[in-house]
Amino acid sequence: MNYSVLLAQSGLERFDAQVLFQHATGKNRAWLIGHGQDEVEAAHAAAFKLLAARRSKGEPVAYIVGTREFFGRDFVVNPSVLIPRPDTELLVELALERAAEGAMVLDLGTGSGCIPVSIKLERPDLDVSAVDLSPAALLVAQANASRLDAAVRFYQSDWYQALGTAHFDVIVSNPPYIEQNDHHLSQGDLRFEPRSALSDEGDGLVHIRSIIAEARQHLNEDGWLLLEHGWDQAEPCRALLAAAGFAAVQSWRDLAGIERVSGGQL
């Protein structure tokens, strides 16, 4: 058997198979192209098949290899945190556009830390903090900040609870927003991700309501609140922001053209 056949017979999508092969053997895509017709070494086959079997059972590639790229950098991930997704890069971009020199930025529900770490690395002048309720998630976030040399402060907190009277110029969040009975929770990668980071076990707006309602107590004048949400939640998010007294309320579309982030200015 040659290497091309080995990957094809795994039954995996080609990209997944290549990523897992590289992780198992240390051989990159260029090596595979040059050696695709070579006879497979037994050690390579054994290592690859172990990972391919895990993927065949549905386990996300990111959890198998332990990293996922976000905003041009690799972040460590494990089943304690959500897998970073390209859609969330929009939230980072919007925060960077609205943060003045030296602004104080807060990320609520940080998970892997990909949002605050990316913001800090893109704009070292910013003062960046992040919170998460999960101690396990905070360990991952702190590890990513340390590994990427990003000076971010982390707090264990139920949203704003541990922040006292602290105020910020920009608050961002990608909170759990999937409705409790959404069938997607039992499909694909979501089956393996922490449910508490996906669903609010309500109508999908439980945490969004809380974040908006308390934001005024932690935002400086002219400060921005930016929230990632589900594909059909832009209109209710805008209504909640307007009702809470935010101005310049609007939504922004992701690369797929879906209204993915909504926000407003105090």
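Above this text sits the structure in question.
Each value, and the rule that gives it
- Residues numbered from 1 in each chain as written.
- Predicted model: local features only at pLDDT ≥ 70, side-chain atom pairs only at ≥ 80, totals over all residues.
- Heavy atoms only, no water.
- Helix = DSSP H or I, 4+ residues; strand = E, 2+ residues; numbered from the N terminus.
- Contact = heavy atoms within 4.5 Å.
- Areas by Shrake-Rupley, 256 points an atom, 1.4 Å probe, with all protein chains shown as cover.
- Buried < 20%, exposed > 50% of the residue type's maximum accessible area, 1.4 Å probe, protein only.
- Arc of directions from axis to C-beta.
- Core = buried A, V, L, I, M, F, W, Y, C linked by side-chain atoms within 4.5 Å.
- Salt bridge = Lys/Arg side-chain N within 4 Å of Asp/Glu carboxyl O.
- 1 Å grid on protein atoms, 1.4 Å probe; cavity = no way out; pocket = protein on both sides within 12 Å on 5 of 7 lines; lining within 4 Å.
- Points joined across faces, edges and corners; volume = space filled by probe spheres on them.
- Nonpolar A, V, L, I, M, F, W, Y, C, P; charged D, E, K, R; others polar.
- Expected span 1.5 Å × (residues − 1).
- Axes fitted to C-alpha atoms, helices over the stretch in contact; angles between N-to-C directions.
- Parallel < 35°, antiparallel > 145°, perpendicular 65-115°, else oblique.
- Left-handed = near helix turned anticlockwise from the far one by under 90°.

What the chain contains, in helices and strands, is 10 helices and nine strands. Projected onto the principal axes, the alpha-carbon positions of the chain cover approximately 65 × 40 × 30 Å. A separation of at least 24 residues holds for 65% of the contacts in the chain among residues at least 6 apart in sequence. Approximately 12500 Å² of the chain is accessible, and the part contributed by carbon and sulfur atoms is 50%.

Looking now at helix α9 (residues 206-215). Among the residues of α9, those classed as buried are Ile208, Ile211, Ile212 and Ala215. Buried residues of α9 fall within an arc of 95° about the axis and therefore sit on the same side. Of the surrounding secondary structure, the elements contacted by the buried residues of α9 are β3 (104-108), β6 (168-173), β7 (219-228) and α10 (234-243).

Before going further, it helps to spend a moment on the nonpolar core. Counting 31 residues, the largest nonpolar core has Ile119, Leu126 and Leu226 as its most contacted members. Mapped by element, the contributors of at least two residues to this core are α6 (89-98), α7 (114-122), β4 (127-132), α8 (135-147), β5 (152-156), β6 and β7. The element best represented in this core is α6, accounting for six residues. With sequence-adjacent residues up to four places away left out, Ile119 is seen in contact with Val92, Ala95, Leu96, Val105, Leu126 and Val128. With 24 residues, the next largest nonpolar core counts Tyr160, Leu205, Cys237 and Leu241 among its residues.

Let's shift gears to the pattern of salt bridges. Applying the stated criterion across every chain, the model contains 14 salt bridges. When the shortest N-O distance is used, the salt bridge between Arg73 and Glu122 registers 2.8 Å. Of this pair, Arg73 sits in strand β2 (residues 73-76) while Glu122 sits in helix α7, placing them 49 residues apart in sequence. Here Arg209 and Asp203 are joined by a salt bridge, their closest N and O atoms 2.6 Å apart. Linked through salt bridges whose partners overlap, the residues forming this network are Asp16, Arg55 and Asp189.

Counted as a void, the largest pocket has a volume near 1000 Å³. Lining the largest pocket are 43 residues, and of these Leu82, Pro175, Pro176, Ala197 and Leu198 sit closest to its centre. Taken together, the elements giving at least two residues each to the lining of the largest pocket come down to α7 and β4. Of the residues assigned to the lining of the largest pocket, the class counts are 19 nonpolar, 14 polar and 10 charged. Reported here for the second largest pocket is a volume of approximately 370 Å³. Phe15, Asp16, Val19, Val61 and Val65 are the residues nearest the centre of the second largest pocket, which is lined by 15 residues in total. At the level of secondary structure, the elements contributing two or more residues to the lining of the second largest pocket comprise α2 (14-25), α5 (61-65) and β1 (67-70). Looking at the lining of the second largest pocket element by element, the count peaks at six residues for α2. Of the residues contributing to the lining of the second largest pocket, the split by class is six nonpolar, four polar and five charged.

The next point concerns α8. For α8, which comprises 13 residues, the first-to-last C-alpha distance of 18 Å matches the rise-based estimate of 18 Å (1.5 Å per residue) to within 8%. When α8 is considered as a whole, its buried residues turn out to be Ala137, Leu138, Val140, Ala141, Asn144 and Ala145. Looking straight down α8, one finds that the buried residues subtend no more than 160° of arc, so they occupy a single side. Turned more than 90 degrees from where α8 packs its buried face, Leu139 and Ser146 sit exposed.

Below, the discussion takes up the packing of α9 against α10. α10 packs onto α9 with a crossing angle of 25° between their chain directions and a minimal axis gap of 9 Å. In terms of orientation, α9 and α10 fall into the roughly parallel class. As α9 packs across α10, the resulting crossing turns out to be right-handed. Facing α9, whose interface residues are Ile208, Arg209 and Ile212, α10 presents Cys237, Leu240 and Leu241.

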